[in-house]
Amino acid sequence: MRDIGLIIAYNKRINAAVDDRRIRDAAKWMCRLHKLEHKNKVPAGSFRLRSI
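What this report covers is the structure whose coordinates are included nearby. Only a predicted model underlies this, so the values are computations on that prediction, with no experimental measurement involved. (Residues numbered from 1 in each chain as written. Predicted model: local features only at pLDDT ≥ 70, side-chain atom pairs only at ≥ 80, totals over all residues. Heavy atoms only, no water.)

## Brief notes about the overall build of the protein chain
When helices and strands are counted, the protein chain shows two helices and zero strands. Over its C-alpha atoms the protein chain spans a radius of gyration of 10 Å, differing by no more than 12% from the 10 Å that the globule rule assigns to 52 residues. Each of the three principal axes of the protein chain carries a C-alpha extent, and together these read 30 × 15 × 15 Å. In the protein chain, buried positions account for 29% of the 52 residues. (Helix = DSSP H or I, 4+ residues; strand = E, 2+ residues; numbered from the N terminus. Rg over C-alpha atoms; globule rule 2.2 N^0.38 Å. Buried < 20%, exposed > 50% of the residue type's maximum accessible area, 1.4 Å probe, protein only.)

## Quick notes on the pattern of salt bridges
All told, the structure shown has three salt bridges when counted by the stated rule. Here Lys39 ties to Asp3 by a salt bridge, and the two come within 3.5 Å at their closest N and O atoms. Of this pair, Lys39 sits in helix H2 (residues 23–39) while Asp3 is found in helix H1 (residues 2–19), placing the two residues 36 residues apart along the sequence. When the shortest N-O distance is used, the salt bridge between Asp25 and Arg22 registers 2.8 Å. Exposure remark for Asp25: the relative accessible area of 27% places this residue in the partly exposed category. On the accessibility criterion, Arg22 (35% relative accessible area) is partly exposed. Each member of the salt-bridge network shares a partner with another, and the members are Asp20, Arg22 and Asp25. (Salt bridge = Lys/Arg side-chain N within 4 Å of Asp/Glu carboxyl O.)

Okay, structure coming up:
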């Protein structure tokens, strides 16, 4: 359940950073999301939610 909360939180932060054109912040959160994907052994980009 913790991972689900992290996925949602990271995606919200990524989307907010992209909307505000804060590329470095978006990159930081994308990196954390990618680490979470790697930990759960899923393909890269599987946890990215653009509509949240």
